[in-house]
Each structure stands twice: as structure tokens, then as C-alpha cells.
Amino acid sequence: MLSDFFKAISILMGSESLFESSHSFIQEGKLFMQDGYTPIMEGITNLHNDIMFFIFVIVGFVVWMLFVTIYLFNVSSNERPSKVTHGTLIEVIWTVTPTLILLIIALPTFALLYSMDEGIEPEVTIKAIGHQWYWSYEYSDFYGNLDSNSTLTDTENSHVAFDSFMVNDADFDDWSQLRLLEVDNPLILPIDTHIRVLVTSADVLHSWAVPSLGVKMDAVPGRLNQLSLFINHTGTFYGQCSELCGTNHGFMPIKVLAVTRAQYLNWWFLVW
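Definitions and limits used
- Residues numbered from 1 in each chain as written.
- Predicted model: local features only at pLDDT ≥ 70, side-chain atom pairs only at ≥ 80, totals over all residues.
- Heavy atoms only, no water.
- Core = buried A, V, L, I, M, F, W, Y, C linked by side-chain atoms within 4.5 Å.
- Buried < 20%, exposed > 50% of the residue type's maximum accessible area, 1.4 Å probe, protein only.
- Helix = DSSP H or I, 4+ residues; strand = E, 2+ residues; numbered from the N terminus.
- Contact = heavy atoms within 4.5 Å.
- Salt bridge = Lys/Arg side-chain N within 4 Å of Asp/Glu carboxyl O.
- Phe/Tyr/Trp six-rings, centres within 6.5 Å; stacked < 30°, edge-to-face > 60°.
- Disulfide = S-S within 2.5 Å.
- Patch = residues over 30% accessible without salt bridge, like charges linked within 9 Å, V, L, I, M, F, W, Y side chains within 5 Å.
- Areas by Shrake-Rupley, 256 points an atom, 1.4 Å probe, with all protein chains shown as cover.
- 1 Å grid on protein atoms, 1.4 Å probe; cavity = no way out; pocket = protein on both sides within 12 Å on 5 of 7 lines; lining within 4 Å.
- Points joined across faces, edges and corners; volume = space filled by probe spheres on them.
- Nonpolar A, V, L, I, M, F, W, Y, C, P; charged D, E, K, R; others polar.
- Pairing = 2+ DSSP bridges.
- Axes fitted to C-alpha atoms, helices over the stretch in contact; angles between N-to-C directions.
- Expected span 1.5 Å × (residues − 1).

Asks: Break down the nonpolar core for me, with residues and values.
Replies: Within the largest apolar cluster, 36 residues are counted, with the highest numbers of intra-cluster contacts made by Tyr 137, Tyr 139, Trp 208, Leu 213 and Val 256. Ranked by residues supplied to this core, first place goes to strand E11 (residues 253-259) with five residues. Residues contacting Trp 208, with those up to four places away along its chain left out, are Ala 128, Trp 135, Tyr 137, Leu 187, Val 199, Val 215, Lys 216, Met 217, Leu 227, Ile 254 and Val 256.

Have a look at this one:
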């Protein structure tokens, strides 16, 4: 069964429609965030840009005030300095204005935090398990062809589980592959689908993070953490373990192939 599974992955990865999809990864010389391909990541990017606007305004105002203070308030231009020590109007302004700015920032922030933690009934559930130093994935939504001696709790027949290891440089098929980011068996997910990812660990603390999808969840031994995904574009998305987990922490990448729902179902038919 697993040989059919890996064969199906190779067929899917070789499809022309997938190569025409968007690819998201860290590019040389790129200054800003990776492009977002989930509503959450788009919201994070928009919030970041909105807050940067306020930061530029505040920094510009403070720099202007410093310049005015240094240029005007000196002995050569003002031999008799003002003795005013209080100003009711200015004190009200510099108290109310920052409060209003914080309220303007807080409202979309709370909405985004709520949406990030909102639990929507998933159509697909994936389990990601961190190991030293690779990831394992389990698909448990579809059940295989069980014989008369099998039950739905038979882990070898009831769901697909596989390991995802980093591909070494010497094993690259071509040099268009990305060093330290390529894996032998990627995680395949459908677009336009509510997906639940259960994250846990088999040994030490790990963290399952894919920046383009706006997700980062700690993998804790003995505990199941949950995150939600709704990918809105096909493509190949990369991530890495984001929690120090030992010697080879930097060598356990994550690769997600986002495909159409039809491709996802066809892949499952190839698997079974």
C-alpha cells in the first residue's frame, strides 16, 4: 500500500498543472514577508502593513519634534526661555491620541487573533508528529479496502502514515531543488477546504511552521495541539521546525503541496 502511496505522490508532483502553480519560499533579496496563501496569513500581512503606517507617522512626528527642539530651543535663538511648565491642552492631546491609536490597532488585532483560534468543523484532518529529526504524517479521514480479518482500528489498513525526511544535496534530481527545504515525501493538502492539523511530538519539543500559510504550532510530547488551515491557492509551500530540538534542528524541513480538490481525490484513488 505504501508503495502505491509514494507512486501516487510522484505522479502528482509530476503533473503539469502543479508546476504551473505558485511556489512560495524565501527568495534572495526579498525584504518583506512571504506571500500569504491563507486568509489568516493575508490578515497577518495586512495588519503588519497597517501598523507600519502608524509607526512611520509616529517616528516622523518624534523626529520632527526633536529637530524643532534642538534647532529652536537654544541660547542663540532664544536667550529668554519660556517658564511655562504645564499645558492642559497639550497634555490632553498627548494622552488621548496614543489611546486612540492603540484602540484602532487593537480592534483588527483582536479579530485576527479570534479567527486564528476559531475552530471550524474540518473536512480533512492531518496529524503531524515531530521526531528527532524528521516529521511523520498521518491521514485518517479515508479508510482503505479492509479484508475480513481487519478492523477500522487496524493502523496498517485504516489510514496512511509516512515519514518525511530532508533530501541531502547529493540526492537532488536537479539543482532547481531547494537546499535544506526539499523532502522525500511532502504533505499533500487540498485547497478551498477546511483542514485541521493535529500537532504532537514523539520525543522533544518541536514546532510545525509554514510562513506562507500563516501557521506555527508547537509539537509537545504527550499533548495534541491543533491548528486550522484554509489554503486558497495551489502551490508548493515550505517551512521548517521552529523550536530548538537538538543537533539536527535545522535539518527537518516541511514541504506542503497544495492541490485542487479533484487532484486530491484522484491521488487518494491512486493510493487505494
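Having seen the model, we can carry on.
Asks: A description of the pattern of salt bridges should follow, citing residues and the corresponding values.
Replies: This structure, assessed with the given rule, holds two salt bridges. Across the salt bridge formed by Glu 182 and Lys 255, the nearest N and O atoms sit 2.9 Å from each other. Of this pair, Glu 182 sits in the loop between strand E4 (160-164) and strand E5 (187-190) while Lys 255 sits in strand E11, and the two are 73 residues apart along the sequence. Across the pair, Lys 255 and Glu 182 agree in class, each one buried.

Asks: Provide a residue-level description of the packing of aromatic side chains, including the pertinent values.
Replies: Under the definition given, this model contains eight aromatic pairs. Here the aromatic rings of Tyr 139 and Trp 267 are separated by 5.3 Å at their centres, their planes lie at 65°, and the arrangement is edge-to-face. Highlighted residues: Tyr 139 in strand E3 (residues 134-139) and Trp 267 in helix H6 (residues 261-271), separated in sequence by 128 residues. Taken individually, Tyr 139 and Trp 267 each receive the classification buried, so the pair is uniform in this respect. Taken together, the aromatic side chains of Tyr 137, Tyr 139, Phe 162, Tyr 264 and Trp 267 make up a single cluster linked through ring pairs.

Asks: So what's going on with the state of the cysteines? Residues and values would help.
Replies: Enumeration over the complete set of coordinates arrives at zero disulfides. Summary of cysteine pairing: Cys 241 is not part of a disulfide, and the nearest cysteine sulfur, belonging to Cys 245, is at 3.9 Å. Residue Cys 241 is classed as buried on the basis of its relative accessible area of 5%. With relative accessibility at 4%, the residue Cys 245 sits in the buried group.

Asks: Can you explain a nonpolar patch on the surface? Please cite residues and give values.
Replies: Taken together, Ile 58, Phe 61, Val 62, Trp 64, Met 65, Leu 66 and Ile 70 make up a surface patch of nonpolar side chains, about 730 Å² in accessible area. Summarising the element assignment, Leu 66 is placed in helix H3 (residues 39-72).

Asks: Outline the layout of surface pockets, supporting the account with residue identities and numerical values.
Replies: Space inside the largest pocket adds up to approximately 660 Å³. Along its surface, the largest pocket is lined by 19 residues, and Phe 61, Met 65, Ile 90, Ile 93 and Trp 94 are the ones closest to its centre. Of all elements in the fold, only H3 and helix H4 (88-117) reach the threshold of two or more residues within the lining of the largest pocket. Ranked by residue count, the leading element in the lining of the largest pocket is H4, at eight residues. Looking at the lining of the largest pocket residue by residue, the classes come out as 13 nonpolar, five polar and one charged.

Asks: A description of unusual backbone geometry should follow, citing residues and the corresponding values.
Replies: Going from Gln 132 to Trp 133, the amide bond is cis rather than trans, its omega being 0°. Of note, Trp 133 is situated in the loop between strand E2 (124-131) and E3. Its identity as a non-glycine residue notwithstanding, Leu 180 has a phi of 70°, on the positive side. With respect to the element layout, Leu 180 can be found in the loop between E4 and E5.

Asks: Mind laying out the sheet that holds E2, listing which residues take part and the relevant values?
Replies: In sheet architecture, strand pairing relies on hydrogen bonds along the backbone and comes in two forms, parallel and antiparallel. Spatially, the five strands line up as an open sheet ordered E4-E3-E2-E6-E9, and their pairing is mixed. In this open sheet, the two edge strands, each paired with only one partner strand, are E4 and strand E9 (225-229). Geometrically, the sheet is characterised by an average inter-axis angle of 25° between neighbouring strands, direction not taken into account. Bridge count between E2 and E3: six bridges; the pairing is antiparallel. Residue pairing in the sheet places Ala 128 in a bridge with Tyr 137 of E3.

Asks: An account of H3 is needed here, citing residue identities and associated values.
Replies: Look at H3: 49 Å from first C-alpha to last across 34 residues, which is about the 50 Å you get at 1.5 Å a residue. Here H3 has its buried residues at Ile 40, Met 41, Leu 47, Phe 54 and Val 68.

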